[in-house]
Structure formats: structure tokens, C-alpha cells
Amino acid sequence: MNAAPRIGIIGSGAIGGFYGLMLARAGFDVHFLLRSEFATVASQGLRLNSAVHGALQLDKVQAYQSAADMPPCDWLLVGAKTTSNAELAPLISQAAAPGAKVVLLQNGLEVEEELRPLLPDTLHLLGGLCYICAHRSAPGVIEHQALGGVNLGYHSGPADAESRQQILEQGTSLFTTAGLDSSAMPNLAQARWQKLVWNVPYNGLAVLLGSGTSALMGNPDSRALIAAIMQEVIDAASACGHQLPPGFAGKLLSATDRMPDYLPSMYHDFALHRPLELHAIYNAPLAAAAKAGCAMPRTEMLYQTLRFLEQRPQ
């Protein structure tokens, strides 16, 4: 690892903006690729209103409109939604230094498998699972309600087993240096299934019921539905060879009870008429479960209903 690794942020919304700002404040050399928000961020910087870290401002942002203008980056954190991965692949290749580590800070299943063929074989591809309540409230402004940890798993690339562990340790040290919890995950696929146990019910039901986590957890009917969908995901993970920890659904329910009221990312995407991450969060796990002979009827109904809403004329 270089003494001072250069970090690129591809997709500087709530997730990319949060982690990029925290890393830059910790002294790392961070470069942000932006589209619609470029002018605002270049002139006014990035602002974080955090219930955990307080009000933070990054005034001098190294911002770019084109990946071709970015310096070669040793680490690339991809915070954009999975719906744009195909178009992001050339940008990642342009911004990557030789042997760069690409971290997908994204939700869903098989996102690395689908992006891998679009990237050069010389790049290392990692998955990053973010445990954070955050959203963007205005151009260059991020609201951070709770949490903030990110766990990393190595997916593929030219590294052998020993080198993979070293890369994971290098990656987690970036975040811990920035004051954030970070751990290496030995099994990336299992970790992605674990995160789906929360994402599948709460993202979809927030859209369908127009409610945040507090209302969903406070109503006995929606709470029971959340628990049933969680169990479907746990059963599907088991059918696919990933046994999740005992009592995992109950732990997530209890953790959500303790969270501040939170509107998941899919709620904001739907409200702002942006594409929903239905493929990564719903279609991919449904297909994997079906291949393993496991039915997920509640999850499938949720997926079909969300597809209807997304395709309905506004």
C-alpha cells in the first residue's frame, strides 16, 4: 500500500459523499467524480449534518466532471446506485491506477459478478457493505442520522489468498483511520445475503406504505410482515448455502427499534422518480433462491408490486 493512497469517489451522493468527506477530513487524498452537483460542490464544498459527528464542512473538494480528468486512483469507492453500473464501468477503468482496488459500496446480490466482466482483469474488485442511515437533502448536503460502519470483502482480481487479506486490511484501515467502524468479511456472498435480510423488507415496504421505519415497526401488521419477509430471505440464503446466525432476524428487528425514524434509499429514489434498485435487491435473490428450489412468495409479491409502481406513468 502506498504511504499516501489516492482515493477516488465514483458517485458522490449520500454514500460516496459521506465516506469521501470523512476520508478527506482524516487527511487522505480524495477525488470526487460528480455529475449534476459538480458546480455546487466545486464552489460551495460538501456539507455533512451528522447526528454522530456533528456539522462538518469540506470546503476544498477535488471535484471532477469527467473521469478522464481524475488522477489515477489507488482505491475507487463506488457509491452510485447499482442501476448505473454498466455505464460506470468505463469511468472506473479511466480513473483507476494500475492494480487499483475497486470497492462497490452498494446494496443487493451479485453486483460484483455482474460488474466484473466489464472491468480489466488487473483491477481488484471488493464489496463494501455500508451500515448507515444517510440521505442527500440538497446538492452537496448530506444528512447522517445514525451508524456509519462499512465492512469489506474481496471478490475477485489478481491477488492470491495472502495478498487478498492484506488488501482487506489496507481497506479497513482507511475507514478506521477516518473514525469509522470497519471489518474484513471472509465470505462476501454470505454477508450480502445478511444485508438483504434488512434491505428486502424495509426498502420495498417504505415505498408501498409511504412510511419510515418507526411507523413500520410500530404497527403490528407491518411488523409481522417484515418479520415474515426476513425469514424468507434467511431461508433463501440457507438454500443457497449460506447459513445465517441464529436469531438474526430478531436482532435486526431490535436494532431497527433503536434506530431513529429512517426512510430507506428506495423511498427517496421513488419519491424523486429515480430508477429503483429492483434487480439487485429483489430480482437477483429471487432468481438465486428459485435456482436452489426455494420459494419467496412475499418477496416476489413485493417485487412485482414495486415493478408496477415504477412502470406506471407519472
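Remember, predicted model here, so these are calculated numbers, not experimental data.

Colleague: How would you sum up helix α1 (residues 14-25)? Please name residues and give values.
Modeller: Along its 12 residues, α1 runs 16 Å from first to last C-alpha, staying within 8% of the 16 Å computed at 1.5 Å per residue. Here α1 lies mainly inside the structure; 10 of its 12 residues are buried. Buried within α1 are the following residues: A14, G16, G17, F18, Y19, G20, L21, M22, L23 and A24. A positive backbone phi angle near 105° is found at G27, which sits one or two residues after α1.

Colleague: Account for the sheet that holds strand β4 (residues 54-58), naming residues and giving values.
Modeller: The strands that make up a sheet pair up through hydrogen bonds in the backbone, lying either parallel or antiparallel. Across the sheet, nine strands lie side by side as β4-β3-β9-β8-β7-β6-β1-β2-β5; this open sheet has mixed pairing. Each edge of the sheet is formed by a strand with only one pairing partner; in this case those strands are β4 and β5 (62-64). Each neighbouring strand pair of the sheet contributes to a mean axis angle of 30°, computed without reference to strand direction. As judged from the 13 bridges shared by strand β8 (residues 124-138) and strand β9 (residues 141-156), these two strands associate in the antiparallel manner. The residue bridging C133 from the neighbouring strand is A146, located in β9. Helix α3 (residues 85-95) contacts β1 (6-10), β2 (29-33), β6 (73-78) and β7 (96-104) of the sheet and is inclined by roughly 135° relative to β7.

Colleague: Please set out the packing of aromatic side chains residue by residue, giving values where relevant.
Modeller: Summed over all chains, the structure comprises five aromatic pairs. Their ring planes at 25° and their centres at 4.4 Å tell us that W198 and Y202 sit as a pair that is stacked. Residue W198 and its partner Y202 are both found in helix α6 (residues 188-209); the two are separated by four residues, about one turn of the helix. A relative accessible area of 0% means that Y202 is categorised as buried. Taking the centre distance of 6.4 Å and the plane angle of 40° together, the rings of W198 and Y262 count as tilted. Taken together, the residues W198 in helix α6 and Y262 in the loop between α9 (248-258) and α10 (265-271) connect sequence positions 64 residues apart. With relative accessibility at 7%, the residue Y262 sits in the buried group. Each member of the aromatic cluster is reached from another via a ring pair, and the members are F18, Y19 and F175. Taking the ring centre of Y131 as reference, the NZ or CZ of K195 above it sits at 5.7 Å.

Colleague: Residues and numbers for the pattern of salt bridges, please.
Modeller: On inspection of all chains with the given rule, the structure shows eight salt bridges. A salt bridge links E112 to R192; the shortest N-O distance between them is 2.7 Å. Placement of E112 in helix α4 (residues 111-115) and of R192 in helix α6 is noted, with a sequence separation of 80 residues between them. Under the relative-accessibility criterion, E112 is labelled buried at 2%. E232 serves as the salt-bridge partner of R298, at 3.6 Å between the closest nitrogen and oxygen. Within this pair, whereas R298 is found in helix α12 (residues 297-311), its partner E232 is found in helix α8 (residues 220-239), the two being separated by 66 residues in sequence. Judged by relative accessible area, which is 42%, R298 ranks as partly exposed.

Colleague: Outline unusual backbone geometry, supporting the account with residue identities and numerical values.
Modeller: Unlike most non-glycine residues, E110 shows phi in positive territory, near 65°. Relative to the assigned elements, E110 resides in the loop between β7 and α4. You will see that H273, though not glycine, has its phi angle at about 60°, which is positive. By the secondary structure assignment, H273 is in the loop between α10 and α11 (278-291).

What counts and how
- Residues numbered from 1 in each chain as written.
- Predicted model: local features only at pLDDT ≥ 70, side-chain atom pairs only at ≥ 80, totals over all residues.
- Heavy atoms only, no water.
- Helix = DSSP H or I, 4+ residues; strand = E, 2+ residues; numbered from the N terminus.
- Expected span 1.5 Å × (residues − 1).
- Buried < 20%, exposed > 50% of the residue type's maximum accessible area, 1.4 Å probe, protein only.
- Pairing = 2+ DSSP bridges.
- Axes fitted to C-alpha atoms, helices over the stretch in contact; angles between N-to-C directions.
- Contact = heavy atoms within 4.5 Å.
- Phe/Tyr/Trp six-rings, centres within 6.5 Å; stacked < 30°, edge-to-face > 60°.
- Lys NZ or Arg CZ within 6 Å of the ring centre and 35° of its normal.
- Salt bridge = Lys/Arg side-chain N within 4 Å of Asp/Glu carboxyl O.

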